[in-house]
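Coordinate analysis (summary)
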Amino acid sequence: MPELDGRRLWLAGIGGAGLSGYAVVAKAWGADVSGWDRTETPYLAYVRAAGIPVVVSPDTPPPPAGAEVVVSSAYRERVAGRSRAELLAELVSLRRSIVVAGAHGKTTTAAMVAFCLDALGDDPSFLIGGEVPQLGGNARAGSGWLVVEGDESDGTVFELPADVAVITNVELDHHAAFGSTADLEERFERWAARVGKERVVWGRDLVPADIVLSVPGEHNRLNAACALAALELAGVDRAAAADALAAFRGVGRRLEDHGEAGGVLLVDDYAHHPAEVAATLTAARTLAGDGRVVALFQPHLYSRTMHVGRELGRALAAADAAVVTDVYGAREEPVPGVSGKLVADALADARPGMPVGWAPALADAAHVAASLARPGDLLLTVGAGDVNTALPLLREELTA
């Protein structure tokens, strides 16, 4: 279905979880796509496999002559062009769409919806902000429903049309973008009204699904409830969807099993908000059995750490031991006086006597975390930055 035939698109930030998927789908739908990113990312493997040329360079190259420029929110100050929200809205307008949004759980919920549609023969297209191993990546151009993860961090989701919309929950997570929780709630309410209330699933109205799942945690039962409700609105038989969902094994970096090293189970998770960290540690406890849970946590964004650093520390108190490394700034510049030590200090205050480490460098933090773990424990790397790159270091330390 060549809806984008004749279009030339150049994507700045093509290696991101969002734009990489948009690139793959736009290419499949007829566009001539190329792009640039500052660093190599895992998502670029999917982009290149789709036949899309990519430049990776710390310096921004000029876009091809005549190309439409689309810019990731991370590079808005470096490159002029259309926002990713505009491109996504255009892609969504070309298909029947199920758009999943919310502060927490939207990646897994969107993946659950796409997985069930695929299992039941719909051949969905999907654009998801994480890798779904059972579906072959984070994006696909199929012939059925388009399943989209909508992001509120830069307002992208509020520009999207939808035939079915899911709002998993509303909680202030992006303090630099919204003035208050009330501000964010109002934005979601307006979006839901535009979609049509009869076509919106609100997680606040649901209870955890009573079904067998292959992924642990009460939060995943809530995600499943949202997914099943959305599929029902899309005309999918609920019982058939529930049966299919039982085989869903999760999304990359969501309680992702990385095997054992020295008798210690290594698990990685993307949680970066206090509520997410708390839910992840609760689920990790069920995986640890009789062992302890040791957490290696990397705060994400200076603004978030400044506003909810103490809450992050209190959430981490659910572990048996924890090490905190410095903030992964991502798109933000450092803020004087804001570091991961805010979280480590809050953790020490929340649970006196608990083994707590503070090591600004990730390699040092990995060394300390490995020294705290013992056979039978679960060692969890947790955060939305690059804390997962510590896994090889942890494996080396634990098997030395």
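Please refer to the structure placed before this passage.
Residues numbered from 1 in each chain as written. Predicted model: local features only at pLDDT ≥ 70, side-chain atom pairs only at ≥ 80, totals over all residues. Heavy atoms only, no water.

Remarks on the state of the cysteines
Covalent bonding between the sulfur atoms of two cysteines is what defines a disulfide. For the coordinates displayed, the defined rule picks out zero disulfides. In this structure C116 is a free cysteine whose sulfur lies 13 Å from that of C226, the closest cysteine sulfur available. When its relative accessible area of 0% is taken as the criterion, C116 is described as buried. (Disulfide = S-S within 2.5 Å. Buried < 20%, exposed > 50% of the residue type's maximum accessible area, 1.4 Å probe, protein only.)

Here we look at the pattern of salt bridges
Per the stated rule, a full pass over the model turns up 22 salt bridges. For the salt bridge of R140 with D123, the shortest nitrogen-to-oxygen distance reads 4.0 Å. Of this pair, R140 sits in strand β8 (residues 137-140) while D123 sits in the loop between α4 (106-119) and β7 (125-132), and the two are 17 residues apart along the sequence. D123 sits in the partly exposed class, given a relative accessible area of 32%. A single salt-bridge network, built from bridges that share partners, covers R7, E68, R82 and E90. (Salt bridge = Lys/Arg side-chain N within 4 Å of Asp/Glu carboxyl O. Helix = DSSP H or I, 4+ residues; strand = E, 2+ residues; numbered from the N terminus.)

Let's talk about the sheet that holds strand β16 (residues 356-358)
Ordered in space as β12-β13-β17-β14-β15-β16, the six strands form an open sheet in which the pairing is mixed. Both outer strands of the open sheet, β12 (256-261) and β16, are each paired with one neighbouring strand and no more. Pairwise comparison of adjacent strand axes, ignoring direction, gives a mean angle of 15° for this sheet. Bridge count for strand β15 (residues 321-324) against β16 is three bridges, and the pairing is parallel. Residue pairing in the sheet places V323 in a bridge with G357 of β16. (Pairing = 2+ DSSP bridges. Axes fitted to C-alpha atoms, helices over the stretch in contact; angles between N-to-C directions.)

Observations regarding the packing of α4 against helix α7 (residues 238-245)
Taken N-terminus to C-terminus, the directions of α4 and α7 make an angle of 105°; their axes are 9 Å apart at the nearest point. Accordingly, the angle class assigned to the pair α4 and α7 is roughly perpendicular. Contacts between α4 and α7 pair M112, F115, C116 and A119 from the former with A241, A244 and L245 from the latter. When the residues that make up the contact of α4 with α7 are grouped by side-chain class, the tally is seven nonpolar, no polar and no charged. (Parallel < 35°, antiparallel > 145°, perpendicular 65-115°, else oblique. Contact = heavy atoms within 4.5 Å. Nonpolar A, V, L, I, M, F, W, Y, C, P; charged D, E, K, R; others polar.)

Remarks on the sheet that holds strand β6 (residues 97-101)
Reading across the sheet, the six strands line up as β8-β7-β9-β6-β10-β11 and stay open at both edges, with mixed pairing between neighbours. The open sheet has two edge strands with one neighbour each: β8 and β11 (200-202). For this sheet, the mean angle separating the axes of adjacent strands, direction not counted, is 20°. Across three bridges, the pairing between strand β10 (residues 164-167) and β11 is parallel. Bridging across to β11, V166 finds its partner in V201.

Re the packing of aromatic side chains
This structure, assessed with the given rule, holds three aromatic pairs. On the numbers, 5.1 Å between centres and 70° between planes, the contact of F158 with F188 is edge-to-face. Of this pair, F158 sits in the loop between β9 (146-149) and β10 while F188 is found in helix α5 (residues 181-195), placing the two residues 30 residues apart along the sequence. F188 shares its class with F158; the two are buried. Seen from the ring of W202, R204 lies directly overhead, with NZ or CZ sitting 3.6 Å from the centre. Here the basic side chain of R254 rests over the ring of Y270, its NZ or CZ set 4.4 Å away from the ring centre. (Phe/Tyr/Trp six-rings, centres within 6.5 Å; stacked < 30°, edge-to-face > 60°. Lys NZ or Arg CZ within 6 Å of the ring centre and 35° of its normal.)

Some details on the environment of L127
Inspection of the secondary structure assignment puts L127 in strand β7. The exposure class of L127 is buried, given its relative accessible area of 5%. Taking the C-alpha atoms as reference points, L127 and A373, separated by 246 residues in sequence, lie 37 Å from one another. Those residues in contact with L127 that lie beyond four places of it in its chain are G21, Y22, V25, L88, L91, N138, A139, L146, V147, V148 and E149.

A few points about the side chain of D269
With respect to the helices, strands and loops of the structure, D269 is situated in strand β13 (residues 264-269). No salt bridge is formed by the buried D269; the nearest opposite charge belongs to R254, separated by 6.2 Å. At 2.6 Å, the side chain of D269 forms a polar contact with the backbone nitrogen of L255. (Lys, Arg positive; Asp, Glu negative; His and termini not counted. Polar contact = N/O pair within 3.5 Å; in protein donor to acceptor, adjacent residues only side chain to side chain.)

Topic: unusual backbone geometry
For R253, which is not a glycine, the phi torsion comes out positive at approximately 70°. Topologically, R253 is positioned in the loop between α7 and β12. Despite not being glycine, L255 shows a phi value in the positive range, around 45°. For L255, the location among the structural elements is in the loop between α7 and β12.

Concerning the packing of helix α8 (residues 274-288) against helix α9 (residues 302-316)
Relative to each other, α8 and α9 sit at 5°, their axes nearing to 8 Å. By the angle between their directions, the pair α8 and α9 is classed as roughly parallel. Facing P274, V277, A278 and L281 of α8, the residues of α9 in contact are V308, E311, L312, A315 and L316. Split by residue class, the contact of α8 with α9 holds eight nonpolar, no polar and one charged.

Concerning the environment of A361
Its place among the elements puts A361 in the loop between β16 and α11 (362-372). Exposure remark for A361: the relative accessible area of 35% places this residue in the partly exposed category. On a C-alpha basis, the gap between A361 and D326 in space is 6.6 Å, while along the polypeptide they are 35 residues apart.

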